[in-house]
Amino acid sequence: MGVTGITALGAYIPWHRISRRAIAAQTGWLSGAKGDDSERSWTNWDEDTVTMAVEAARDCLVEQPADALRALTVCSTTAPFADRASSAILIDALGLPTDSLTADTGGSLRAATSALLATLRGNSGPTLCVASEQITTAIGSPEELIFGDGAAAALVGDDPPVLEFLSGATVAGDFVDHFRAADRRHNYWWESRWIRDEGIAKLVPQAVSDALASAGLEPTAVDRFVFPTPVRGAAALAARKAGISSHAVEAEVTSQVGFAGAAAPLLDLAAACERATPGEIIVVAAFGAGADALVFRRTSEPLCAAGHGPSGWVPRRRREDNYVKFLAARGEVALGTGMRGEFDEKQSMPALWRNRQAMLGLQAAADDKGQRFPPAAGTPHEASRVELANRPATITTFTADHLAFSLNPPTMYGLIDFPEGGRMLVEYCDTEVEALEVGREVHMMFRIKAKDERRGFRSYFWKATPTRPSTRVERGSSCHKASETA
Amino acid sequence: MPQGIRDRVVIIGMGCVRFGERWDRSGEDLLVEAFAEALADAGVDKSLIDAAWLAVGMDAVNLGPSGIPGAIALGLDTVPVTKVENYCASGTDAFRGAVYAVASGASDFAVAAGVEKLKDTGYGGLPVRTRGTQYDMFGVTGSAPGNFAQLAHAYSARHGIARDRLKEALAHVSVKSHANAQKNPKAHLRRAITMEDALSAPMIADPLGLFDCCGVSDGAACAIVTTPERARELGRDRLISVKALQLATSNGWELARSDWDGSYVNTTRVAAKRAYAEAGIEDPAREISLAEVHDCFSITELVTMEDLGFSEQGAAVRDVLDGAYDADGRLPVQIDGGLKCFGHPIGASGLRMLYEMYLQLSGRAADRQVRDPRYGLTHNLGGMPNQSVAAVSVIGVLDD
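Residues numbered from 1 in each chain as written. Chains lettered and ligands numbered in written order. Predicted model: local features only at pLDDT ≥ 70, side-chain atom pairs only at ≥ 80, totals over all residues. Heavy atoms only, no water.

Looking only at helices and strands, one finds 13 helices and 24 strands in chain A. Against the compact-globule benchmark of 23 Å for 486 residues, chain A has a radius of gyration of 22 Å, which places it among compact chains. Overall, chain A is about 65 × 60 × 35 Å in size when its C-alpha atoms are taken along their principal axes. In chain A, buried positions account for 59% of the 486 residues. In chain A, 50 positive and 60 negative side-chain charges are present, and the distance between their average locations comes to 3 Å. (Helix = DSSP H or I, 4+ residues; strand = E, 2+ residues; numbered from the N terminus. Rg over C-alpha atoms; globule rule 2.2 N^0.38 Å. Buried < 20%, exposed > 50% of the residue type's maximum accessible area, 1.4 Å probe, protein only. Lys, Arg positive; Asp, Glu negative; His and termini not counted. Charge placed at Lys NZ, Arg CZ, Asp CG, Glu CD.)

The number of helices and strands found in chain B is 15 helices and 11 strands. For chain B, the C-alpha radius of gyration of 19 Å lies close to 21 Å, the compact-globule estimate for 400 residues. Its C-alpha atoms give chain B principal-axis dimensions of about 55 × 45 × 40 Å. Within the span of chain B, comprising 400 residues, buried residues form 64% of the whole. In chain B, of all internal contacts separated by at least 6 residues, the share reaching a separation of at least 24 is 78%. Total accessible area on chain B stands at roughly 13,900 Å², and carbon and sulfur atoms take up 49% of it. (Contact = heavy atoms within 4.5 Å. Areas by Shrake-Rupley, 256 points an atom, 1.4 Å probe, with all protein chains shown as cover.)

Every contact between the two is made by 42 residues of chain B and, on the other side, 39 residues of chain A. Summing both partners gives a buried area of about 3,300 Å² for chain B against chain A, and 60% of it is carried by carbon and sulfur. Across the contact surface, chain B and chain A share one salt bridge. The partner of arginine 257 of chain B in a salt bridge is aspartate 367 of chain A, and the shortest N-O contact between them spans 3.6 Å. When residues of the side of chain B that touches chain A are assigned to their parent elements, the largest contribution, eight residues, is made by helix 5 (residues 144-159) of chain B. In terms of residue class, the side of chain B that touches chain A is made up of 17 nonpolar, 19 polar and six charged. (Buried area = accessible area lost by both parts, 1.4 Å probe. Salt bridge = Lys/Arg side-chain N within 4 Å of Asp/Glu carboxyl O. Nonpolar A, V, L, I, M, F, W, Y, C, P; charged D, E, K, R; others polar.)

What follows deals with the packing of helix 6 (residues 163-181) of chain B against helix 12 (residues 298-307) of chain B. All names here are of chain B. Interhelical geometry of helix 6 versus helix 12 gives an angle of 100 degrees and a closest axis separation of 9 Å. Judged by the angle between their axes, helix 6 and helix 12 are roughly perpendicular. From helix 6, Leu166, Ala169, Leu170, Val173, Ser174, Lys176 and Ser177 reach across to helix 12, where they touch Ser298, Ile299, Glu301 and Leu302. Split by residue class, the contact of helix 6 with helix 12 holds six nonpolar, three polar and two charged. (Axes fitted to C-alpha atoms, helices over the stretch in contact; angles between N-to-C directions. Parallel < 35°, antiparallel > 145°, perpendicular 65-115°, else oblique.)

Residue and element names in this part refer to chain B. If you check the domain split of chain B, you get domain 1 (10-123 + 218-242) and domain 2 (144-213 + 244-397). Each of domain 1 and domain 2 was reduced to a C-alpha centroid, and the two centroids are 23 Å apart. Counting residues at the interface gives 46 residues for domain 1, matched by 34 residues for domain 2. Summed over both partners, the interface of domain 1 with domain 2 comes to about 3,200 Å²; 70% of that surface belongs to carbon and sulfur atoms. It is Phe19, Cys88 and Thr92 that lose the most area in domain 1 upon contact with domain 2, and together they represent 21% of the buried surface on that side. For the pair domain 1 and domain 2, the interface holds two salt bridges. Our count for the domain 1 to domain 2 interface comes out at 13 residue pairs in polar contact (both at pLDDT 80 or more). Sorting the residues of the side of domain 1 that touches domain 2 by element identifies strand 1 (10-16), helix 1 (27-42), strand 2 (51-56), helix 3 (90-104), strand 4 (110-117), strand 7 (218-226) and strand 8 (240-249) as the ones contributing at least two each. Broken down by element, the residue count for the side of domain 1 that touches domain 2 peaks at eight residues, all from helix 3. (Domains from an automatic or database assignment. Polar contact = N/O pair within 3.5 Å; in protein donor to acceptor, adjacent residues only side chain to side chain.)

If you look at the biggest cluster of nonpolar residues, it comprises 101 residues, and the most contacted ones within it are Leu90, Leu116, Leu128, Phe296, Ile416, Met424 and Tyr428 of chain A. In contact with methionine 424 of chain A, other than residues within four places in its own chain, are Leu362, Phe373, Gly414, Leu415, Ile416, Phe418, Met444, Phe461 and Trp462 of chain A. (Core = buried A, V, L, I, M, F, W, Y, C linked by side-chain atoms within 4.5 Å.)

Let's shift gears to the pairing of strand 24 (residues 457-466) of chain A. Residues and elements named next belong to chain A. Of all 10 residues in strand 24, 10 are buried, a share of seventy percent or more. Taking every second residue as pointing to the same face, both faces of strand 24 are buried, with Phe457, Ser459, Phe461, Lys463 and Thr465 on one and Arg458, Tyr460, Trp462, Ala464 and Pro466 on the other. Pairing of strand 23 (residues 441-452) with strand 24, which is carried by 10 bridges, proceeds in the antiparallel orientation. When the bridges of strand 24 are listed, lysine 451 appears paired with arginine 458. The hairpin formed by strand 23 and strand 24 contains four residues between the paired strands, and glycine 456 there has a positive phi angle of roughly 75 degrees. (Pairing = 2+ DSSP bridges.)

Glancing now at the environment of isoleucine 6 of chain A. Residues and elements named next belong to chain A. Position of isoleucine 6 relative to the elements: it lies in strand 1 (residues 5-12). Once the C-alpha coordinates of isoleucine 6 and leucine 163 are considered, the two residues, 157 residues apart in sequence, prove to be 5.1 Å apart. The residues touching isoleucine 6, leaving out its near neighbours within four places in the chain, are Leu116, Ala154, Leu155, Val156, Pro161, Val162, Leu163, Leu269 and Phe296.

Moving on to the environment of valine 231 of chain A. All names here are of chain A. When you line up the elements, valine 231 lands in the loop between strand 11 (224-226) and helix 7 (234-242). As for valine 231 and glycine 279, which are separated by 48 residues in sequence, their C-alpha atoms are 30 Å apart. Once residues lying within four places of it in the same chain are set aside, the contact partners of valine 231 are Ser192, Ile195, Arg196 and Ile200.

Residues and elements named next belong to chain A. The antiparallel open sheet is built from three strands, whose spatial order is 17-16-18. At either end of the open sheet lies a strand with only one pairing partner, and these are strand 17 (370-372) and strand 18 (385-387). Pairs of neighbouring strands in the sheet enclose a mean axial angle of 40 degrees, with direction left out of account. Of the strand pairs in this sheet, strand 16 (residues 363-367) and strand 17 are connected by three bridges, and their pairing is antiparallel. Paired with alanine 365 across the two strands is arginine 372, which belongs to strand 17.

This part is about the sheet that holds strand 10 (residues 375-384) of chain B. Residues and elements named next belong to chain B. Across the sheet, which stays open at both edges, the nine strands sit in the order 3-2-4-7-1-8-11-10-9 with mixed pairing between neighbours. Strand pairing shows two members of the sheet lacking a second neighbour, strand 3 (81-84) and strand 9 (288-292), which therefore form its edges. Averaged over all pairs of adjacent strands, the angle between their axes in this sheet comes to 25 degrees, without regard to strand direction. For strand 1 and strand 8, the ladder comprises two bridges, and the chain directions are antiparallel. Residue pairing for strand 8: valine 10 is matched across the bridge by serine 241. Sheet strands in contact with helix 1 are strand 1, strand 2, strand 4 and strand 7, and its direction is about 140 degrees off that of strand 1.

Below, the structure is given as structure tokens:
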């Protein structure tokens with residue numbers, strides 16, 4: 001049985017949000033921007049496209065049998081490594097089959113739609129497409145206000161899909177609306193009127209029309225036209241040129257947290273899927289070095305994900321309007337860290353490889369006395385392992401440390417216990433100290449452990465965050481278990 | 001049950017430098033100063049020293065690796081010098097090496113010395129350092145106050161003690177030690193503080209404020225030990241003897257299993273139990289005359305009162321606030337100011353505690369002399385509550 005569509009969707013939005021007014025308050029003298037109370041999402045110092053991709057994939061896979069997976073593609077234009085595969089990190093972090101075909105793609109902001117289209121057209125078995133983006137923007141630039149960080153995941157497979165794939169089309173061309181040289185931090189943008197009128201308004205309708213024609217659908221049949229773009233008014237213009245009703249135009253997540261680059265089309269598609277009723281036609285489009293368009297029909301299958309989904313992640317937020325903190329977390333300003341910040345975080349590659357099951361996979365060793373993390377010295381490689389990442393734990397000890405160096409002080413850490421066995425010394429993330437108390441439930445998040453700034457390396461590990469009730473929209477979700485996982 | 005070392009080894013000389021910000025002295029200089037005092041006190045010639053143990057907590061800002069720099073600084077003539085590093089318990093562990101050497105008959109006059117030169121680091125608090133490849137991968141790059149602050153929240157949760165009341169008891173611990181240090185000319189921090197000072201201090205690691213943390217100091221201390229027979233040959237009469245000397249090191253249980261609740265230090269309890277058995281002490285709260293404990297943080301001192309059996313479990317807050325451990329209390333603790341105010345040069349601290357006990361039991365503690373002490377206890381803790389090494393010694397006058 002071949003691939004029929006998307007069987008599950010997941011999302012991740014960082015906890016921190018900054019208002020556009022707070023940014024403009026610091027940069028408006030230069031740019032003239034005033035901003036407003038709307039927000040953009042931003043990653044903390046210990047997040048990058050890899051950590052966000054892991055979270056989005058977990059959100060997608062939480063009730064899916066991961067051992068059937070055949071392929072994994074991670075799409076981003078802002079991956080932390082030019083040569084270290086994000087997809088391989090995800091394999092270890094998620095405990096996915098090591099014989100999965102892995103690929104990292106990028107190159108343009110339609111990287112994720114192109115990967116999704118290739119997967120849907122191919123026949124390589126269950127495939128996870130993850131898109132993750134953390135675009136750094138110049139201080140005072142318009143993009144700083146428009147962009148946001150986030151990730152999304154789509155599982156393509158042969159189970160009954162939630163989104164039945166009807167058709168897709170692509171248009172490729174070297175339309176350079178913006179670019180970023182390999183050795184640069186920021187994009188360089190051309191005039192938005194030219195991008196809108198000569199680029200988006202011509203290439204996107206072409207892809208959309210081709211896709212709809214292949215599906216044998218009239219443009220008026222489109223219920224939701226999901227096309228996130230940083231160019232104001234361009235989505236409505238593209239819809240009109242393609243003959244799609246202006247009422248169908250949406251980019252729900254982008255409107256709430258900013259434009260997450262290559263991840264935005266999948267994020268907004270996930271949000272559209274949450275809200276769509278069975279039978280609705282959804283077109284998702286992306287623009288960048290051409291355009292992609294994919295046509296789906298929402299089936300009557302329930303959205304079988306117990307994760308947050310976009311509607312759960314968007315309201316899970318903390319407003320942090322400290323602009324310098326926002327810049328520091330993105331490496332846009334160099335702070336005087338003091339001598340404690342000079343600690344050399346050089347990592348040992350043999351040690352990381354030896355311990356990958358524990359470090360990336362958060363696997364404890366199980367013996368007759370229970371579960372032990374990290375596994376004790378001398379534990380045989382073949383000893384049975386228990387994965388802890390998706391289990392809740394409780395706080396046994398905690399502190400908020402103002403002395404230890406951190407870009408997000410105070411450093412909060414302590415001991416947690418997994419009720420089914422296993423204890424762990426952890427750093428707490430995405431929390432205030434007031435939320436920490438002995439006995440409180442926490443759940444695990446995949447984060448950067450250490451950054452070796454001298455050599456440009458980073459290691460990953462798991463941290464714990466206090467459990468909060470999910471606000472996920474549960475439409476047609478008869479297969480949901482209680483969604484209190486985060 | 002091993003025979004133990006009770007009354008088999010005596011201290012015949014000790015030295016301890018003034019702790020503090022000794023900007024004009026190197027670690028080697030401080031070591032020489034402490035050793036000279038100990039030699040003069042012992043009244044023996046340096047040529048009699050036949051073995052030495054040297055405690056150094058942090059290599060990078062101290063003498064460096066091995067026993068060689070210490071041997072050179074002290075001018076020891078090719079005798080065996082062993083460097084000891086066991087976190088903040090290094091000083092007592094060096095003492096243990098010297099005592100065991102004498103007890104075994106392998107050495108006649110052994111030296112235990114400890115030194116630390118923390119103020120060459122460049123910043124306050126202890127230096128950030130690696131704890132080894134494996135620990136660094138899974139552990140948190142926190143700080144010493146952060147590691148000990150967790151005791152406070154766990155202790156509050158276990159015993160149902162409100163934050164304000166715990167904070168008040170912790171403040172009392174520090175106010176007491178500052179008061180005691182005023183009578184100690186070698187102490188680093190000699191200014192008295194008020195409860196208000198302690199309670200309103202800037203937060204370091206929740207719930208510990210600045211005055212809940214001990215001094216970070218330069219310093220060195222030294223002991224010379226021998227057998228009672230050798231001591232008598234030198235004409236010494238009132239001999240200060242080692243009644244017990246025990247060390248307990250975590251076996252990993254605290255971090256591996258979920259039945260440790262984080263509210264106490266297990267190794268302290270184990271080392272204390274062994275030490276009391278070795279010394280023949282049945283009721284420590286009554287029999288111990290005074291104690292120098294590892295008050296790296298006020299909360300450590302507070303839970304140690306229970307771990308050593310001085311207070312009933314859950315009662316340390318009440319006992320501390322009642323003044324049980326004040327200078328005029330039933331069991332004076334940190335009569336010299338403790339780590340809190342005498343200061344905490346890592347490698348030297350365990351020996352500094354022994355120095356105070358030696359003075360007290362010899363009746364030489366001047367203004368801070370405790371009346372008729374029988375047993376003095378020292379408690380020296382390394383690592384952090386969830387992964388620790390605790391050393392407990394009992395010192396007393398050798399009965400004729």
